[in-house]
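# Close look at the chain arrangement
Next come the chains, spelled out residue by residue.
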Amino acid sequence: MSKPKIWLSSPHMGGTEQKYVTEAFETNWVAPLGPNVNGFEADLQRYTGISHAAALSSGTAAIHLSLILLDVKPGDMVICQSFTFSASANPIAYQGAIPVFIDSEPDTWNMSPEQLERAILACINGEVMNKGMKMPPALPKAIIPVHLYGVPAKMDEIMQIAGKYNIPVIEDAAEALGSSIGGRMCGSFGTFGILSFNGNKIITTSGGGALISNNSEAIAKARFLATQARDNAPHYQHSHIGYNYRMSNIVAGIGRGQMEVLEDRIAARRANFARYEKYFAEVAERGYRVKLQPCQADAFSNRWLTAITINPAENKGITRETLRLALETENIESRPLWKPMHLQPIFEDTPFFGDGTSEKLFEEGLCLPSGSNLSNEDFKRITDIIDSVFK
Ligand SMILES: *Cc1c(COP(=O)(O)O)cnc(C)c1O
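Residues numbered from 1 in each chain as written. Predicted model: local features only at pLDDT ≥ 70, side-chain atom pairs only at ≥ 80, totals over all residues. Heavy atoms only, no water.

Here we come to the side chain of Ser88. Secondary-structure assignment places Ser88 in the loop between strand S2 (77-81) and helix H4 (90-94). Overall, the relative accessible area of 2% leaves Ser88 in the buried class. Within the structure, the side chain of Ser88 is placed 2.7 Å from the side chain of Asp172, a separation counted as a polar contact. Ignoring any residue separated from it by four or fewer positions in sequence, one finds Ser88 in contact with Ile63, Cys80, Ile144, Val146 and Asp172. (Helix = DSSP H or I, 4+ residues; strand = E, 2+ residues; numbered from the N terminus. Buried < 20%, exposed > 50% of the residue type's maximum accessible area, 1.4 Å probe, protein only. Polar contact = N/O pair within 3.5 Å; in protein donor to acceptor, adjacent residues only side chain to side chain. Contact = heavy atoms within 4.5 Å.)

Here it is, written out as structure tokens:
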């Protein structure tokens, strides 16, 4: 009989979620609007320090709407971090725009400010090649940096470059709710911030997302577009193409309950990371060198997932696959780091600016089980397997 599965990151309910869902049933607010949606948006605004939030059906929808609000059209160039989940980049393709992918830097594993500026200059100077064709000179329409695994990107430098060329920033904080830089929340640096509440994120509504911004007009327009763009008329009248992207009042009830335990969830994820860090320091005494994802000194990470790299040359030939397969045999889920977008078949021959950093991270990197509900017993099972690999 196999041992119970240990997941990479599984939902962790706090207990009050059902109260909000029950309220929605009892008052018959079973719709894509209602008191839970308003309450959840207010919670998000309070927590992030951003004045406006629109609760949506997913983080992907939030990125899509922000591109529409920034008037991204077919043929436009949009700069995006390459080392990320495909959801950061797919909405660029929905708009028929061209993604220009940027490599990571080694200090945070996120968008390299240096490669970002190189790319912007190439776009402006008409030096960007897309699918074998030269793009006409143009200013990119937006920049999408990501805070991977909850570790903040170098936002000060990225915002400075974005400001220099006057390009709006869509900050993908899907993995970084509660992370901050110098006390300022991730998601609050860009023109738009996007959040995700998918099943594996630090808090979840089963599926959902949010668009946050201090621009009240933009958020009002996002809500309008997300509910099929209905003009103000007694009949159904439309002068814009609309979307069905709003969060339901049932789902938002889960979100309100989850917001009550967010601080606990962050503390638990950070405790996981600290535990792995201590454990790999012990492994290092046996002559191995496993590295954990670094974080800048002025930044605070929610440590959504603990991510490590294993360079076989420093680890007696052990690779991340050796470890992943050993864990899998024992019914423990771990996962390679994101495969960079510029290496994905869907984005073949699209522009990329980089120096090999994200490719190396992908080859050597692994995410370890990081749920906020990981027990001492689970942790012992995990480290016993790692011990058997790093003998
Ligand atoms: C999860 C995630 C998204 C998308 O969120 P969904 O709610 O799943 O659509 C976007 N970007 C990153 C980096 C993510 O991890």
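Having put the structure on the table, let's press on.
So, on to the layout of surface pockets. Reported here for the largest pocket is a volume of approximately 270 Å³. Along its surface, the largest pocket is lined by 22 residues, and Phe85, Ala87, Ser196, Asn198 and Lys201 are the ones closest to its centre. No other element matches helix H3 (residues 59-69), which puts 3 residues into the lining of the largest pocket. Class assignment of the residues belonging to the lining of the largest pocket gives a composition of 8 nonpolar, 10 polar and 4 charged. Looking at which domains feed residues into the lining of the largest pocket, each of domain 1 (17-261) and domain 2 (263-390) supplies at least three. Size it by volume and the second largest pocket reaches roughly 230 Å³. Considering the residues around the second largest pocket, the lining is formed by 13 residues, among which Trp109, Lys291, Thr309, Leu361 and Glu364 are closest to the centre. (1 Å grid on protein atoms, 1.4 Å probe; cavity = no way out; pocket = protein on both sides within 12 Å on 5 of 7 lines; lining within 4 Å. Points joined across faces, edges and corners; volume = space filled by probe spheres on them. Nonpolar A, V, L, I, M, F, W, Y, C, P; charged D, E, K, R; others polar. Domains from an automatic or database assignment.)

Let us now look at the site of the ligand. Near the ligand, the surroundings consist of 15 residues, among which Thr60, Asp172, Glu175, Ser196 and Lys201 are the closest. Within the side chain of Asn198, an N or O atom sits 2.8 Å from an oxygen atom of the ligand. Interatomic distance of 3.4 Å between a backbone N/O atom of Gly208 and an oxygen atom of the ligand. For the ligand, the protein covers 95% of the area, taking 380 Å² as the surface of the free molecule. The cavity that encloses the ligand is the largest pocket. (Near = heavy atom within 4 Å. Areas by Shrake-Rupley, 256 points an atom, 1.4 Å probe, with all protein chains shown as cover. Sits in = over half its atoms within 2 Å of the grid points.)

Here we take up the sheet that holds strand S13 (residues 299-300). Ordered by their spatial adjacency, 3 strands build an open sheet running S9-S8-S13, and the pairing between neighbours is antiparallel. Taken across any chain shown, the strands that pair with only one partner, and hence form the sheet edges, are strand S9 (184-185) and S13. Pairing of strand S8 (residues 180-181) with S13, which is carried by 2 bridges, proceeds in the antiparallel orientation. Along S13, the bridge assignment pairs Ile181 with Ala299. (Pairing = 2+ DSSP bridges.)

What follows covers the packing of aromatic side chains. Using the criterion set out here, one finds 10 aromatic pairs in the structure. With a centroid separation of 6.3 Å and 5 degrees between ring planes, the pair formed by Tyr149 and Trp338 is classed as stacked. Highlighted residues: Tyr149 in the loop between strand S6 (142-144) and helix H6 (155-165) and Trp338 in the loop between strand S15 (335-336) and strand S16 (352-353), separated in sequence by 189 residues. Residues Tyr149 and Trp338 agree in their burial class; the two are buried. Seen in terms of ring centroids, Tyr279 and Phe280 are 5.2 Å apart; in terms of plane orientation they differ by 70 degrees. Their pairing is edge-to-face. (Phe/Tyr/Trp six-rings, centres within 6.5 Å; stacked < 30°, edge-to-face > 60°.)

Turn by turn, an α-helix covers 3.6 residues, leaving residues three or four places apart pointing in a common direction. The end-to-end C-alpha separation of helix H12 (residues 376-389) is 20 Å, in line with the 20 Å expected for 14 residues at 1.5 Å each. Residues Asp378, Phe379, Arg381, Ile382, Thr383, Ile385, Ile386 and Val389 constitute the buried set of H12. The inward-facing, buried residues of H12 abut helix H9 (262-284) and helix H10 (320-329). (Expected span 1.5 Å × (residues − 1).)

We note that the domain assignment places domain 1 (17-261) and domain 2 (263-390) within the chain. For domain 1 versus domain 2, the distance between C-alpha centres works out to 26 Å. Each partner contributes to the interface: domain 1 provides 48 residues, whereas domain 2 provides 42 residues. Counting the surface domain 1 buries against domain 2, the share from its top three residues, Trp109, Tyr149 and Ile202, is 21%. Applying the counting criterion to the domain 1 and domain 2 interface returns 27 residue pairs in polar contact (both at pLDDT 80 or more). Among the elements of the structure, strand S3 (98-102), helix H5 (113-124), strand S4 (129-130) and S8 are those that each provide at least two residues to the side of domain 1 that touches domain 2. Looking at the side of domain 1 that touches domain 2, the element that brings in the most residues is S3, giving 5 residues. Taken together, the residues of the side of domain 1 that touches domain 2 break down into 25 nonpolar, 14 polar and 9 charged. (Buried area = accessible area lost by both parts, 1.4 Å probe.)

The next thing to look at is empty space enclosed by the protein. Within the structure shown, the criterion is met by 1 cavity of 30 Å³ or more. In this structure, the largest cavity spans a volume of roughly 30 Å³. In this structure, the largest cavity is lined by Ser10, Pro11, His12, Lys201, Ile202, Ile203, Thr204, Gln258, Arg269 and Ser372. For the lining of the largest cavity, the class distribution of residues is 3 nonpolar, 5 polar and 2 charged.

This next bit is on the pattern of salt bridges. If you walk through the whole model with that rule in mind, you get 19 salt bridges. In this structure, Arg246 and Glu41 form a salt bridge, with 2.7 Å as the shortest nitrogen-oxygen distance. With a gap of 205 residues between them, Arg246 in the loop between helix H7 (216-226) and helix H8 (249-259) and Glu41 in helix H2 (residues 35-48) connect regions that are remote in the sequence. Across the pair Glu333 and Arg335 runs a salt bridge whose closest N-O atoms are separated by 2.9 Å. (Salt bridge = Lys/Arg side-chain N within 4 Å of Asp/Glu carboxyl O.)

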